[in-house]
Each structure stands twice: as structure tokens, then as C-alpha cells.
Amino acid sequence: MNYRFYGADTVELAKKYGTPLYVMSEDFIVERCREIHESFLKKYENTYAVFAGKAFCTKEMCRILKREGLGLDVVSGGELYTALSVGFPADKIIFHGNNKTLSELNMAVESGVGRIVVDHDMELDIIQKIAEEAKIDASVLLRIAPGVDPHTHRYMVTGQADSKFGIPNKDAVLRHTVQKALSFNNIELKGFHFHVGSQLLDNASHLKSVDVLCTLFDKLNQWFDYWPHEINIGGGYGIKYTHEDQPEQLNAFISPIMHKITEFSEKSGKKRPAVIIEPGRWIVGEAGITLYTIGYIKRIPDIRTYVSVDGGMPDNPRPSLYQARYEAVIANKYGDPLTEKVTIAGRCCESGDVLIWDIEIPEPEPGDILAVKATGAYNYSMANNYNKLPFPPIVMLKKGKDRLIVERQTYEQLVSREL
Ligand code: LLP
């Protein structure tokens, strides 16, 4: 039996487009966008949702988001350019980054992005200058490093005190930065942002961070008689990579956070600030699979069997970067008994290029198609050309029909920038 993914026969897709091949389900993405509408946007007034583009930034994704009425978080001129190139509304874009360049800030102001999230007080001076010259007011949020440390891979933690991201949660620094933002004529301080980390299976760190921000709001009220219009609580909602991952439902994740913010605002006798969420992985992670062709099978007696595939760390750097775990099936032997424990190796000249350690599969043979699951987030967006391997194409599935949304990179394109 062949493995089917959202109505498509994956073995046929591999034949038609070749491997390695990213396959994405538009149905899944749309389902997730609609769940955000149901369990967040419609449920609570004065709320907004943006997709964190870093998880999967392509023109087609921007078109889908536009149709589904979600905003977009970008972290670079490149991501901003991608969105603008398909007419994504600039006012629904939030521009992040701990070290945005002058030209990127110019591009953001000129294109009229909805919010710039300021990571450092020096950035305020630059934005003020650009906005003054453009004779506009730039709407900004200040990113706070709340000083909480969630339980996830250390490279996916962002909100701890010792972090390159955000303004430190120290009274003197905060007071200085907020005062500066409020004093600038062409800067409108809309509120605050935090993002604590990624692939979080519960909301404990978000709740702690909301406490930190509420304490800050009380202080700002006393210091400057200032109350924020907005609070952006970042992304980070975990997904199911393997059967062991049990992420909280979005509704269960968010509702205690909303309750806390509402209760605090009421106690303070103030209007609840607008609440913005920025999920990336949660929208696209489980929407994707990657198809590979199995090549050589190396059996080392009494030690291990390596099953090599025609991709690896260039199309999915996550296992080697974060020891991320994935599940996979042999697509043309789906449902066959799992008779062997093997290790799936990538094809790079790198011992760390292993996609999955110790997985049980039916007896593998050269030419079999391997489908690795839940590769929709941070795979294509983190892909690279190591060993001069060309980028795989992306096929989008909608109601069982496939269409190419990104072409396979050719050898000519691989060298086209080299003089
Ligand atoms: N907002 C901000 C400001 C962020 O920095 C991030 C992720 C997100 C939202 C979205 O987080 P998500 O909902 O996708 O967890 N490359 C790593 C993940 C790095 C995420 C960095 N920031 C990975 O492959 O796991």
C-alpha cells in the first residue's frame, strides 16, 4: 500500500516531481488558520494573529495568509520583500529582529509596515530619524526579555534574562527606553512584545511572562501615566513531531493567558490591551512531509544499519542543530510489518548528518521512497546548499490536487551568483 498524505499518493508525487521533495498541505494550513479565527479571534474581541514567516516564508504562503485574513511577522528585508511581492498588505506586517539594518528599517518605514518591534533603545533613534524624514509616525512595540526560561532546546529559548533578544527586564533600562520612546515625536509606542521560546508543549512560560509584563504596566502607569494599547505574546505553540509529543490544544494554551490579561486590566481599572499572537510552527509544521529516495543500505553486523537518503541536513538542518526527532514511513511499503531498526542518514560529508536515529521500518531496499513527517516548519526556511546540493522543490496539495509552488534549484542557478 502507498502512503497517502492529504488525498495524494506520495509515491506518485515522488515519481512526478523527483526527490528530495517537500510536500505541503494547503488544507491543513487553512484548517489551522480557521482554528485561530474560531478559538482566538472570534472568541475575544480586540485580538490579532500573525504568522511567523520564519517558519515557512514563500510567496504562496503569503497568498494563503492574505486569503485567510492573518497578518505576517517578518524578520528581514528578504521576508518583507517576499510578502510585498505578492501584494501582502503592509499594515498587517510586524517587523522583528535583534539587529535590523538601516536599509531594512528604511524599507519597513517606506512600505508602511504595521508595527516595528524594537529590540534595543538605539533602534529608537534610527526609526525616529527615518520616520521624521518620511514625515510619518512609526508604530512600535518594545520587545521585553521577561527573564523566564522555558523547557525546550536551549537554541529555541529566547526569553531568558541572558538573551540577545529584547530589552532586559530591569527597571532602570526599561524606564530609560520607554521614556525615550514616549519623547520621540515620530514614534508611537503602541505596547510591548515577548516571545519566550519555541516548541513549547504548555503555557507555563507564557503565563509567567504575562505576570512580568503586568508588573511592568503597573510601573509604567506610575512613572509615565502610560497604559499600553497592545500586548504581543509571541508564538511558540508546540506541535506533534513524534507520538511522544502531547502539545496543549490552542484554545487550552491561550485561554488562561487571556484570562490573566483581562483580569489584570480590570483590576487596574483600564481597558484590556489588544492581544496579538505570532504562531509559526503550529500553522505549518504538521502541514509538511519530505519525500526522499533510499540509496545504499549499510549493514554493520552487531552495530547498526544505515539507510542513506538523497537529502539530509541541507533540506532539514533541525536534527543536527537541535537533535530534533522525526518519524518516517516507507511510502511504498505503508502498512507492511516493521521488521528492522535502522538509522536514516543524510548524504552530506558530515557524520552528524543523520535525520533519524533508531527507527523501525519494513525491510528497506534501494529505490524505496521515505516520507519524513512534520517537516513543514523550519525546513525549507532553514535549508541551505551545503555540499552544493540544490534546494528541493515544494509541492502544495489542495483537496488531493498537487501544484508546484517552488521549483527545484538547478545546477546553473547554484552557480549563477558566482563571478
Ligand atoms: N515570534 C517571534 C518574535 C519569534 O522569534 C518566533 C520564533 C516566533 C514568533 C514563532 O515561533 P514558533 O511559533 O514557530 O515556535 N529554528 C527553530 C525555531 C526558532 C524560532 C525562532 N523564533 C526550530 O527549527 O525549531
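Residues numbered from 1 in each chain as written. Predicted model: local features only at pLDDT ≥ 70, side-chain atom pairs only at ≥ 80, totals over all residues. Heavy atoms only, no water.

1. Re the overall build of the chain
In step 1: Scanning the chain for helices and strands turns up twelve helices and 20 strands.
In step 2: Whereas a compact globule of 419 residues would reach a radius of gyration of roughly 22 Å, the chain reaches 23 Å, a difference of no more than 12%.
In step 3: Overall size of the chain, expressed as C-alpha extent along the three principal axes, is 70 × 50 × 40 Å.
In step 4: With 419 residues in all, the chain has 55% of them scored as buried.
In step 5: Put simply, of all contacts in the chain between residues at least 6 apart along the chain, 70% involve residues at least 24 apart.
In step 6: Accessible area of the chain: about 18,800 Å², with a carbon and sulfur share of 50%. (Helix = DSSP H or I, 4+ residues; strand = E, 2+ residues; numbered from the N terminus. Rg over C-alpha atoms; globule rule 2.2 N^0.38 Å. Buried < 20%, exposed > 50% of the residue type's maximum accessible area, 1.4 Å probe, protein only. Contact = heavy atoms within 4.5 Å. Areas by Shrake-Rupley, 256 points an atom, 1.4 Å probe, with all protein chains shown as cover.)

2. What about the site of the ligand?
In step 1: Residues in contact with the ligand amount to 19 residues; listed here are only the nearest, S198, E278, R318, Y322 and Y378.
In step 2: At a separation of 3.4 Å, a nitrogen atom of the ligand approaches a polar side-chain atom of D73.
In step 3: In the complex, 92% of the free accessible area of the ligand, which totals 580 Å², lies under the protein chains.
In step 4: Here the residues of the shell around the ligand sort into six nonpolar, seven polar and six charged.
In step 5: Of the residues that make up the shell around the ligand, three or more belong to each of domain 1 (4-21 + 286-414) and domain 2 (57-279). (Near = heavy atom within 4 Å. Polar contact = N/O pair within 3.5 Å; in protein donor to acceptor, adjacent residues only side chain to side chain. Nonpolar A, V, L, I, M, F, W, Y, C, P; charged D, E, K, R; others polar. Domains from an automatic or database assignment.)

3. So, helix α6 (residues 121-134)
In step 1: The end-to-end C-alpha separation of α6 is 20 Å, in line with the 20 Å expected for 14 residues at 1.5 Å each.
In step 2: For α6, every residue scored as buried is listed here: D121, E123, L124, I127, Q128, I130 and A131.
In step 3: Close packing links the buried residues of α6 with α5 (102-111), β7 (115-118), β8 (138-145), α7 (171-183) and β10 (187-193).
In step 4: Positive phi shows up at K135, right after α6, with a value of about 55°. (Expected span 1.5 Å × (residues − 1).)

4. A short note on the pairing of strand β20 (residues 401-406)
The two faces of the sheet receive side chains in turn, since in a regular strand these alternate between them.
In step 1: Taken together, the five bridges between strand β19 (residues 394-398) and β20 define a ladder with antiparallel strand orientation. Bridging across to β20, I394 finds its partner in V406.
In step 2: Linking β19 back to β20 in an antiparallel pair, the connection comprises two residues, with K399 at a positive phi of about 45°. (Pairing = 2+ DSSP bridges.)

5. What to know about the packing of α7 against helix α8 (residues 204-224)
In step 1: Where α7 meets α8, the axes come as close as 11 Å, and the angle between the chain directions of the two elements is 60°. Comparing the axis directions of α7 and α8 gives the class oblique. For the pair α7 and α8, the crossing hand works out as right-handed. Between α7, through D171, L174, R175, V178, Q179 and L182, and α8, the contact on the second element is made entirely by L216, K219, L220, W223 and F224.
In step 2: Considered class by class, the residues forming the contact of α7 with α8 number seven nonpolar, one polar and three charged. (Axes fitted to C-alpha atoms, helices over the stretch in contact; angles between N-to-C directions. Parallel < 35°, antiparallel > 145°, perpendicular 65-115°, else oblique. Left-handed = near helix turned anticlockwise from the far one by under 90°.)

6. Brief notes about the pattern of salt bridges
In step 1: With the rule as written, the count across this model stands at 23 salt bridges.
In step 2: Taking the shortest distance from any N to any O, the salt bridge between R67 and E26 comes out at 3.0 Å. Note that R67 is positioned in helix α3 (residues 59-68) and E26 in helix α2 (residues 26-41), a separation of 41 residues in sequence.
In step 3: Across the pair R403 and E60 runs a salt bridge whose closest N-O atoms are separated by 2.5 Å. Residue R403 is located in strand β20, and its partner E60 is located in helix α3; the two are separated by 343 residues in the primary sequence.
In step 4: Given a relative accessible area of 27%, R403 falls into the partly exposed group.
In step 5: With a relative accessible area of 12%, E60 lands in the buried category.
In step 6: The network of salt bridges with common partners includes E26, E60, R63, R67, K398 and R403. (Salt bridge = Lys/Arg side-chain N within 4 Å of Asp/Glu carboxyl O.)

7. Description of the domain arrangement of the chain
In step 1: Domain boundaries in the chain define domain 1 (4-21 + 286-414) and domain 2 (57-279).
In step 2: Taken over C-alpha atoms, the centre of domain 1 sits 34 Å from the centre of domain 2.
In step 3: In this complex, domain 1 contributes 16 residues to the contact, which on the side of domain 2 involves 14 residues.
In step 4: Buried area between domain 1 and domain 2, summed over both chains or domains, comes out near 1,400 Å², and the portion from carbon and sulfur atoms is 55%.
In step 5: In this assembly, domain 1 and domain 2 are joined by two salt bridges. (Buried area = accessible area lost by both parts, 1.4 Å probe.)

8. Quick notes on unusual backbone geometry
In step 1: Residue T19 is joined to P20 through a cis peptide bond whose omega torsion reads -5°.
In step 2: For P20, the location among the structural elements is in the loop between α1 (10-17) and β3 (21-25).
In step 3: Phi is positive for Y6, close to 45°, though the residue is something other than glycine.
In step 4: Assignment of secondary structure puts Y6 in the loop between β1 (4-5) and β2 (8-9).
In step 5: By relative accessible area, which is 32% here, Y6 ends up partly exposed.

9. Description of the side chain of T242
In step 1: Summarising the element assignment, T242 is placed in the loop between β11 (230-232) and α9 (250-268).
In step 2: Aside from chain neighbours lying at most four places away, what touches T242 is R325, Y326 and E327.

10. Remarks on α2
In step 1: Regarding α2, the residues found buried are E26, F28, I29, V30, R32, C33, I36, S39, F40 and L41.
In step 2: For α2, the capping residue at the N-terminal end is S25, with a side-chain oxygen 3.3 Å from the backbone nitrogen of D27.

11. Topic: the nonpolar core
Across soluble globular proteins, you tend to see nonpolar side chains buried next to one another.
In step 1: Among the nonpolar cores identified, the biggest contains 103 residues, and I29, F192, I283 and V284 are the most heavily contacted of them.
In step 2: Counting contributing residues, this core receives three or more from each of domain 1 (4-21 + 286-414) and domain 2 (57-279).
In step 3: With residues near it in sequence (within four places) discarded, I29 still touches M24, M61, I64, I283, V284, A287 and M396.
In step 4: L13, L21, I289 and L291 belong to the second largest nonpolar core, which has 17 residues in total. (Core = buried A, V, L, I, M, F, W, Y, C linked by side-chain atoms within 4.5 Å.)

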